[in-house]
Amino acid sequence: MKQRPWLFLLPTLLLMSISAFVPLITVINYSLHYIFAGSIPEFVGLQNYAEVMGDTRFRQALLLQLAFSFMVLAIEIPLGILIALSLPRKGRGVGLSLVLLGIPLLIPYNVVGITWRLFSQSDIGIIPRVFSVFGYEYNVSLQSVDAFLTLMLVDIWHWTPFAALLIYAGLQAIPDAYYQAAQVDGASTWKTFRYVTLPKLRPVLTLGILIRFMDSFKIYSEPLLLTGGGPGNATTFLSLFVARKAESYELGYAGAVSVIYLYIVIVLSYLFFQVATHSAKEQTV
Amino acid sequence: MLRQENLLPKPKTRIKKKMATIELKNLYYSYSLHEGDSAFSITDLNAIWKDRTANALLGPSGCGKTTILNIISGLLQPMSGAVLFDGKEVNRQSTRERQIAQVFQFAVVYDTMNVYDNLAFPLRNSGQPEKNIKQRVKEIAELLDLTHLLGQPAGKLNPAEKQMVSLGRGIVRKDTATVLLDEPLTVIDPILKLDIRRKLREVQKELGITMIYVTHDQHEALTFADHVTIMNKGVIIQVGTPEELFLNPATPFVGFFIGSPGMNMIDCEVKNHGISVNGFSLQISEEKIRKIEGLGGKIQLGIRPEFIETRKSPGDNWNTFELTLVENVGAYQILTLEANNLRIKARVDDQFKAREKDPIQVHFPEDKVRFYHNEKLIT
Amino acid sequence: MSIRAEKIYKSYEGKTVLENLNLEMESGSFCTLLGPTGAGKTTLLRILAGIEKPDQGTVFYHGVDVTSVPVQKRPVAFVYQQFVNYPSMTLYENIASPLRVSRRKISKARIDRKVQETAELLGIREVLHHLPREVSGGQLQRCAIARALAKEAKYIFMDEPLANLDYKLREELRGQLKEIFREHEGMVVYATPEPIDVLTMATHVGFLHEHGILQYGEVREVYEHPSHAEVGSWFSYPKMNMIPCEVFKHNGATQLKVTDELKIDIDSLTIELNRDRYLLGIRAHHLSVLKKKKTMIPIRATIELAEVVGSDTELHLRHENKRMILLMQQVGQFNVGDVMTVYIDPEQFYIFDAQTGEFVAKTENQD
């Protein structure tokens, strides 16, 4: 009976439709209307989309977001590899290291945001103190560079453990025989890494990169709590951009941005799916 | 041409003499409780494998043969005891320093490189000039029938070809003195197994490398090796040529393990200057009776199904059995014969005509019967 | 309890696995599907059992179309290659599981009796209370077989169940399985690439080749009368020697010539040979190092390899440029490279068409 599997999925589908489909339809609906506080929504077709595409602020937010995601990834993945390589593989240290590593992952996003805000406060924070030792005047609310980099730091602190744990699991799956063969072949540490470790980690790395990319693309709580999007628009990432528009009741516009946002994420997911299954096929025996 | 190459001295690098008599002395190793469910350990094991020989280490799964191999290669350290290469202790040396190449159950190749680069890899790592590398790679590729695959990415080959590349990488270095093989044919298609086996033998003979081939399959072991070491539960039971192991198994276990089907083992006792087996009596020479008589403990009679004589007509020293099962394999048949709670297997040719439930006359020729006392061969 | 498969088609991702496959198996038999790895045995087995549906075609159980009936509703049991067992249940519970979830209510006492019986039959009674990870591979596979038996399924499907076991275990189980299934009333369908499995255990065999069944019949029948060179070659232990030859007319007599030394007269054959080339098939044990019969033909051959197979020696020989295997039923010492004289029994040849592979004639005495 082919229907049985669907029965098992029914509760999930129900939940999804409430929490996802209904809001989605609502947003798409908004995006096709001109809405201003109190007024009756006026159907304007794709006009909002045109407006969004032409808006330099939108493009700025998008570029900022892309830059953020790429840079954060460029640091998290290699750092994750380094950490994973230095973790113990067997014995008592394993459990302890994995737990310690996982702690940042368990902290809720908003707590992370607030905690780091405290760290970066000009008067009481630890970061300005450290920088002042080197003679640099750190100010997260006035200097764009400081704000952007601080958020990067937060994301890296928060999510490198994810990359590290994923890669660690990938490393464990590499049979010892390969390392022994490389040793017998007289390969240097770098060569072993390049010809054994890296190729064998490819599927895991692909997974990690794509998940982190998608995730960082949606970053919201941390910038909201830490910088509020500022100074100015320096850290107004795409999600904040949408939120701001929605807050000022430009719901139509916000809706259009949301849909475009969703579209970008879907395209990326699709790419991820293709690349991941393609490399899975290549991994036969 | 290959042989000439081997005789030419290599000018720059110091030539490590390709000698590898491997010896294990008083080896101790025990498995922690977490590793699998076999709880035995290797105690005071001694073994020697001579230089330039083809050897097999044979035994059922979990008998410790892979452990021994890993101790020889350096992947594992024994708890105590010495690993000696040409008389020198190598416990502290790495696999490479021991001049060992290893071929594993699954092929180990560098997926991102093509076959040529795979084979060239060890030579490049030791800084050899490209010209020499090219020649050596071509030689080895030819020996292993890989010439037509040199440009292919190694990841795309079939398992048999990959194993040859694995082996090739091991022997491309001229200072490799020993190759250890751990059930290398496991992932290979049955059709190709024969060719690979033949190749391995060829390579061993051609290059004069000491090879130790670990397997649970007696067919592979007996075909490949001149000397076979049989192990069970961490203990070496017998070492010998395939013929020796077949004709004179040192214990009932060896008798059972070698040969298809294994040796028949029958409990017996000495009675009235003869051998008594479950109601039958067997005539054997005085000389043999003297060796067995008076020994307390368990006496067993072993005879291989191939040597049991069968016929339809009764006679002196022939006993009647009932045929309960016939397995016809084409070239020969295996008969399961029962009588008086005794169950034995006999092998006959394809011309032998008999049906189940028929009575069959059975005779054990004395020169083929082996006696075991407390599981050890006495005569 | 018969099974009939009609016009089965199945392909995966554009690659045809089974094409216009037809098969009919009678009740009470131990049927085997023989073929090299990748020939489609597993696919066919799964389609027959109902685990997969064919792209086209019908499967009948005892005359009833069951193609769209899911496997849970069929009276079948399936034994896999990878000793599938529930890891958190003891072997006892594993064997009892199909009985416990059965639609007919079976009393606990009966379940217990059935489990004990089948465990006894498979020799795992002492380890019934152990968990799968505590016992060996052989015992696990026996547990899987016991589970299939306990279910009293009318159709038992087995997919190379011995493949992952030790050599010696396989030997043991082959004999045991033959005995166990002798008493079994239903039908067993067993897929394997090993001819020896078929020869020792089965009543019937179907040979899979080029996406279809090339030949099906009683084991002895197919063994002695292969319809095609593929069947002859593959369904033989060791593999049958296939030697190309030419038709040669000499002094008014017609012969099949391989080399100057190896020629056989074919005038006594009742069948006309109208091609110029053929394949001669001869089994390895019909070559010999001794001249056992007057009619045996001597040829000189070089030894390429001597393989010890249990209690036999397979001599790989080369006669001029033709390769052959000789099965010697003893363990002997031979030197690679030696030239020796071996004898071939000319009455044991199979003649196959060199192009189509079809069986043409046998050279055995036509009287």
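It should be emphasised that the depicted structure is a prediction, and the values quoted were computed from it without experimental measurement.

### So, the overall build of chain B
Here's step 1: Along chain B, the regular secondary structure elements total 10 helices and 22 strands.
Here's step 2: Taken along its principal axes, the extent of the C-alpha atoms in chain B is 80 × 45 × 45 Å.
Here's step 3: The proportion of buried residues among the 379 residues of chain B is 43%.
Here's step 4: Relative to all contacts within chain B whose residues are 6 or more apart in sequence, the contacts with residues 24 or more apart total 66%.

### Things to note about the overall build of chain C
Here's step 1: Assigned secondary structure in chain C consists of eight helices and 21 strands.
Here's step 2: C-alpha extents for chain C along the principal axes are approximately 80 × 45 × 40 Å.
Here's step 3: Long-range contacts, defined as pairs at least 24 residues apart, comprise 65% of the intrachain contacts of chain C with a sequence gap of at least 6.

### Digging into the packing of helix H3 (residues 56-86) of chain A against helix H9 (residues 189-217) of chain A
Residues and elements named next belong to chain A.
Here's step 1: Contact geometry for H3 and H9: axes closest at 9 Å, N-to-C directions at 145°. Considering the relative orientation of H3 and H9, their crossing is right-handed. Facing Gln65, Phe68, Ser69, Val72, Leu73, Glu76 and Ile77 of H3, the residues of H9 in contact are Leu205, Gly208, Ile209, Arg212, Phe213, Ser216 and Phe217.

### Structural notes on the sheet that holds strand S4 (residues 56-61) of chain C
Residue and element names in this part refer to chain C.
Here's step 1: Strand order in the open sheet formed by four strands is S2-S1-S4-S5, and the pairing between neighbours is antiparallel. A single partner strand is all that each edge strand has here, and the edge strands are strand S2 (15-25) and strand S5 (64-65).
Here's step 2: Along the sheet, helix H1 (residues 41-49) makes contact with strand S1 (3-12), S2 and S4, crossing S1 at roughly 125°.

### Things to note about the sheet that holds strand S16 (residues 297-309) of chain C
Strand-to-strand pairing in sheets goes through backbone hydrogen bonds, with the strands running parallel or antiparallel.
All names here are of chain C.
Here's step 1: Strand order in this open sheet of five strands is S15-S19-S16-S17-S18, and the pairing throughout is antiparallel. Both outer strands of the open sheet, strand S15 (287-288) and strand S18 (322-328), are each paired with one neighbouring strand and no more.
Here's step 2: Here strand S17 (residues 312-319) pairs with S18 via seven bridges, running antiparallel. Bridged to His316 within S18 is Ile325.

### Looking at the domain arrangement of chain B
Here's step 1: The domain boundaries assigned to chain B delineate domain 1 (2-249) and domain 2 (260-377).
Here's step 2: Centre-to-centre separation of domain 1 of chain B and domain 2 of chain B, based on C-alpha positions: 40 Å.

### Points about helix H3 (residues 108-122) of chain C
All names here are of chain C.
Here's step 1: With 15 residues, H3 should cover 21 Å at 1.5 Å per step; its first-to-last C-alpha distance of 21 Å lies within 8% of that length.
Here's step 2: Restricting attention to buried positions, one finds in H3 the residues Val115, Thr118, Ala119 and Leu122. Buried residues of H3, seen end-on, are gathered within an arc of 100° and therefore sit on one face of the element. More than 90 degrees from the buried face of H3, the exposed residues found are Ala109, Arg110 and Arg113.
Here's step 3: Elements that come into contact with the buried residues of H3 comprise helix H2 (91-100) and helix H4 (137-150).
Here's step 4: Immediately downstream of H3, the backbone of Gly123 shows phi near 75°, a positive value.

### Remarks on the interface of chain C and chain B
Here's step 1: Contact with chain C, which involves 30 residues of that partner, is made by 30 residues of chain B.
Here's step 2: For the side of chain C that touches chain B, the elements supplying multiple residues, two or more each, are helix H5 (167-183), helix H6 (195-201) and S16 of chain C.
Here's step 3: The element contributing the most residues to the side of chain C that touches chain B is H5(C), with six residues.

### With respect to the packing of H3(A) against helix H7 (residues 144-172) of chain A
When two helices pack together, their arrangement is given by the angle between the helix axes and the distance between those axes.
Residues and elements named next belong to chain A.
Here's step 1: Here H3 crosses H7 at 45°, and the two axes come no closer than 7 Å. Between H3 and H7, the angle is such that the two are oblique. In this structure, H3 crosses over H7, and the sense of that crossing is right-handed. Side by side, H3 and H7 meet where Phe68, Met71, Val72, Ile75, Glu76, Ile77, Leu79, Gly80, Ile81, Ile83 and Ala84 of the first sit next to Met152, Asp155, Ile156, Trp159, Thr160, Ala163, Ala164, Ile167, Tyr168 and Leu171 of the second.
Here's step 2: The class makeup of the residues in the contact of H3 with H7 is 17 nonpolar, two polar and two charged.

### Some points on the nonpolar core
Residues and elements named next belong to chain B.
Here's step 1: Counting residues in each nonpolar core, the largest one holds 84 residues, and the members touching the most others are Leu119, Ile171 and Tyr213.
Here's step 2: The biggest single contributor to this core is helix H3 (residues 115-125), with six residues.
Here's step 3: Once residues within four sequence positions are removed from consideration, Tyr213 is found in contact with Asn55, Ala56, Leu181, Ala221, Phe224 and Ala225.

### Digging into the environment of Ala256(A)
Residues and elements named next belong to chain A.
Here's step 1: Within the secondary structure layout, Ala256 lies in helix H12 (residues 251-282).
Here's step 2: On the basis of neighbour count, Ala256 is assigned to the buried category, with 30 C-beta atoms found within 10 Å.
Here's step 3: Sequence spacing of Ala256 and Ser31 is 225 residues, and the spatial spacing of their C-alpha atoms is 4.5 Å.
Here's step 4: Apart from the residues lying within four places of it in its own chain, the contact partners of Ala256 are Ser31, Asn48, Tyr49 and Val52.

### Details of the domain arrangement of chain C
Residue and element names in this part refer to chain C.
Here's step 1: Considered domain by domain, chain C is made up of domain 1 (3-233) and domain 2 (241-362).
Here's step 2: Computed over C-alpha atoms only, the centres of domain 1 and domain 2 are separated by 37 Å.
Here's step 3: Taken together, the residues of the side of domain 1 that touches domain 2 sort by class into two nonpolar, four polar and one charged.

### Concerning the confidence of the model for chain C
Here's step 1: When pLDDT is averaged along chain C, the result is 86, and 98% of the positions lie at 70 or above.
Here's step 2: Prediction confidence for the complex, expressed as pTM and ipTM, is 0.76 and 0.81 respectively.

### Concerning the environment of Leu201(A)
All names here are of chain A.
Here's step 1: Along the chain, Leu201 turns up in helix H9.
Here's step 2: For Leu201, a count of 20 C-beta atoms within 10 Å translates into the label buried.
Here's step 3: Each C-alpha atom, one on Leu201 and one on Ile174, is 8.3 Å from the other, the two residues being 27 residues apart in sequence.
Here's step 4: Contacts of Leu201, omitting those with residues within four sequence positions, involve Ile167 and Gly170.

Rules behind the numbers
Residues numbered from 1 in each chain as written. Chains lettered and ligands numbered in written order. Predicted model: local features only at pLDDT ≥ 70, side-chain atom pairs only at ≥ 80, totals over all residues. Helix = DSSP H or I, 4+ residues; strand = E, 2+ residues; numbered from the N terminus. Buried ≥ 20, exposed ≤ 12 C-beta atoms within 10 Å, placed from the backbone. Contact = placed C-beta atoms within 7 Å. Axes fitted to C-alpha atoms, helices over the stretch in contact; angles between N-to-C directions. Left-handed = near helix turned anticlockwise from the far one by under 90°. Pairing = 2+ DSSP bridges. Domains from an automatic or database assignment. Expected span 1.5 Å × (residues − 1). Arc of directions from axis to C-beta. Parallel < 35°, antiparallel > 145°, perpendicular 65-115°, else oblique. Nonpolar A, V, L, I, M, F, W, Y, C, P; charged D, E, K, R; others polar. Core = buried A, V, L, I, M, F, W, Y, C linked by C-beta atoms within 7 Å. pLDDT = per-residue confidence, 0-100.

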